[in-house]
Amino acid sequence: TEHKVVMETMSLHDRIRDMIMDLATRRSLPFQDLITPDLTRIQLIVTFLACLEMAKLRLMKVFQSESGALYLEPRFSDPQAATRRLDGLEEDQYAG
């Protein structure tokens with residue numbers, strides 16, 4: 001029998017862009033809202049890397065409530081300008 005391995009791909013750039021659009025319409029976003037049961041392992045990892053990269057680029061602030069829940073807060077007012085900041089993002093730095 002033949003066994004096929006299918007590699008799933010998900011762009012870090014695209015995930016950050018999606019998160020920018022989500023954050024643009026909210027004052028804060030619970031981190032838990034990003035981690036849904038339907039995510040694959042790869043999607044979960046890319047989402048986490050997107051959070052780290054956005055914090056590094058100062059596109060969002062991460063804070064913890066008294067209850068321990070994590071929240072993401074946008075550090076931009078213009079989502080298009082925030083998205084343009086991704087132009088220099090080197091995704092291959094995360095490639096294995």
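We now turn to the structure provided with this report. Everything numeric here is computed off the predicted structure, so don't read it as measured data.

This brings us to the environment of A69. Turning to its location among the elements, A69 is positioned in the loop between β2 (60-64) and β3 (70-74). In this structure A69 comes out as partly exposed when scored by relative accessible area, which is 30%. Separated by 38 residues in the primary sequence, A69 and F31 have C-alpha atoms spaced 7.7 Å apart. Not counting residues within four places of it along the chain, the set of residues in contact with A69 comprises F63 and Q64.

Right, let's talk about helix α1 (residues 12-24) for a bit. Each full turn of the α-helix corresponds to 3.6 residues, which orients residues three or four apart in the same direction. Here α1 is 13 residues long and its end C-alpha atoms lie 18 Å apart, about the 18 Å a rise of 1.5 Å per residue gives. All buried positions along α1 are accounted for by L12, H13, R15, I16, M19, I20 and L23. One face of α1 carries all of its buried residues, which in axial projection span an arc of 160°. Packing partners of the buried residues in α1 comprise β1 (29-30), α2 (31-34), α3 (41-56), β2, β3 and α4 (79-84). The distance from a side-chain oxygen at the start of α1 to the backbone nitrogen of H13 is 3.2 Å, and the residue carrying that oxygen is S11.

Next up on the list: α3. An ideal rise of 1.5 Å per residue puts 22 Å on 16 residues; α3 measures up with 23 Å between its terminal C-alpha atoms. For α3, the set of buried residues is V46, T47, L49, A50, C51, E53 and M54. Residues of α3 that are buried make contact with α1, α2, β2 and β3. At the C-terminal side of α3, R58 shows a positive phi close to 60°.

The subject of this paragraph is the side chain of T47. One can find T47 in helix α3. Apart from the residues within four sequence positions on either side, T47 is in contact with R15, M19, L34, I35 and L39.

Tallied over the entire structure, the rule returns four salt bridges. Between R17 and D14 there is a salt bridge whose closest N-O contact spans 3.0 Å. Taken together, the positions of R17 and D14, both in helix α1 and three residues apart, correspond to about one turn of that helix. Across the salt bridge formed by K61 and E73, the nearest N and O atoms sit 3.5 Å from each other. Residue K61 is located in strand β2, and its partner E73 is located in strand β3; the two are separated by 12 residues in the primary sequence.

Reading guide: rules and limits
Residues numbered from 1 in each chain as written. Predicted model: local features only at pLDDT ≥ 70, side-chain atom pairs only at ≥ 80, totals over all residues. Heavy atoms only, no water. Helix = DSSP H or I, 4+ residues; strand = E, 2+ residues; numbered from the N terminus. Buried < 20%, exposed > 50% of the residue type's maximum accessible area, 1.4 Å probe, protein only. Contact = heavy atoms within 4.5 Å. Expected span 1.5 Å × (residues − 1). Arc of directions from axis to C-beta. Polar contact = N/O pair within 3.5 Å; in protein donor to acceptor, adjacent residues only side chain to side chain. Salt bridge = Lys/Arg side-chain N within 4 Å of Asp/Glu carboxyl O.

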